[in-house]
Amino acid sequence: MQVFTLYEGSYSVAADKKFIPFDPQKDNPKDRPASLFISVQPFLVKLGNQLLLLDTGLGYSNDKGELILHQNIKKAGFNPDDVDYVLMSHLHYDHSGGMVHKVDNLMSLSFPNATYVIQRGEWESAFTNTSSSYRTEIFDFLQRNAQLAFVEDTGDFTPQIRHELTGAHTPYHQAWLLDDGQDKVFFGGDVLPEPGELLRKFIAKYDYDGRKAMELREAYGKQAAIENWNCLFYHGKDKTTGHITYNDGVFAVI
Ligand SMILES: [Zn+2]
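This text gives an overview of the structure that appears in the document. Here, residues in each chain are numbered from 1, in the same order as that chain's written sequence. Side-chain atom pairs in this predicted model are given and counted only at pLDDT of 80 or more, local residue features only at pLDDT of at least 70, and totals for whole chains, interfaces and linings cover all residues. With hydrogens and water excluded, all non-hydrogen atoms of the structure serve as input to the side-chain values.

Overview of the coordination of the zinc ion
Selection criterion: Only nitrogen, oxygen and sulfur atoms within 2.8 Å of the metal, or 3.2 Å for Na, K and Ca, are treated as donors, and water is left out, so sites may look incomplete. Sites are called tetrahedral only when four donors show all angles between 85 and 135 degrees, square planar or octahedral only when four or six donors show opposite pairs over 155 degrees and all other angles between 65 and 115, and irregular in any remaining case. Strands are runs of DSSP state E lasting at least two residues, helices are runs of H or I lasting at least four, and both sets are numbered from the N terminus onward. For every residue, the accessible area obtained with a 1.4 Å probe (protein chains only) is divided by the maximum for its type, and the residue is called buried under 20%, exposed over 50%, and partly exposed between those limits.
At 2.1 to 2.4 Å from the zinc ion lie its protein donor atoms, namely His 90 (NE2), His 92 (ND1), His 169 (NE2) and Asp 190 (OD). What the four donor atoms of the zinc ion show is an angle range of 85 to 175° at the metal, which sorts the shape as irregular. Counting residues between consecutive donors of the zinc ion along the chain gives the motif H-x1-H-x76-H-x20-D. One end of the pair, His 92, is in the loop between strand S7 (85-87) and helix H2 (93-96); the other, His 169, is in the loop between strand S13 (161-165) and strand S14 (174-179), with 77 residues separating them in the sequence. When sorted by exposure, His 92 lands in the same class as His 169, which is buried.

So this is what it looks like as structure tokens:
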């Protein structure tokens, strides 16, 4: 299995939940008090003859008006039109913004030939949610124009693509486990967004159920170590992918 990290950018996020571009070379974190500093990176995976995208980023464009996501997919040697499945962990804006993009001010699908795979409960709650973390206009557009597949609970979407309903970050957040018989690739979405979150135990305010998220991080970390998963970290800053070891109660990411 081949994995490509599609780095979209670094951002700071404050209580207003807006993502402000942050350049660690130029910007001073002290100018942005009470902010979270994160990277955003969807992943492209070649699984057999299928091309998968794991989450879609904020959907920001470069100076030429091209989606950064499209630019990165081309850099990896693929065409956005060839993406078969867009596998979504959840629908917060920093994960779902790139599902669509604007061309000449008209909304269009970023992956016109793909099936967008979404946990049903997440879809339904995203529609009715009034928080600024969800953008209803995206979901309206998808409903009318995209090929959508809804999955429920935990199960096998295909024999090689498994979804696990985790909840915790949002009530219907899900993780993805890809297995081609040779490699196992785990995408924990915002339940395991950064490698550093394995190394310290804490309850995060941004999770719907912070205690459950903390417990899941530990459980997934242990399983990743035992089964030698390649873990993909959507918000990882230094490391974006890695294998996990667990010895004497201590995790390490290698
Ligand atoms: Zn989220």
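Now, onward.
Brief notes about unusual backbone geometry
Here the phi dihedral of Asp 153 falls at roughly 60°; this positive angle occurs in a residue that is not glycine. Residue position: Asp 153 is located in the loop between strand S11 (147-151) and strand S12 (155-158). Of note in the backbone geometry, Asn 228 takes a positive phi value of approximately 55° without being a glycine. Relative to the elements of secondary structure, Asn 228 occurs in the loop between helix H6 (210-227) and strand S16 (230-232).

Digging into the environment of Phe 139
The criterion, for reference: Here, two residues are considered to be in contact whenever any of their heavy atoms come within 4.5 Å of each other.
You can see Phe 139 is positioned in helix H4 (residues 136-145). For Phe 139, a relative accessible area of 0% translates into the label buried. Phe 139 sits 15 residues away from Glu 124 along the chain, and the two C-alpha atoms are 9.8 Å apart. In this structure, Phe 139 is in contact with Leu 91, Ser 96, Trp 123, Ala 126, Phe 127 and Tyr 134, ignoring residues within four places of it in sequence.

Without other data, these values stay purely geometric and don't point to any function.
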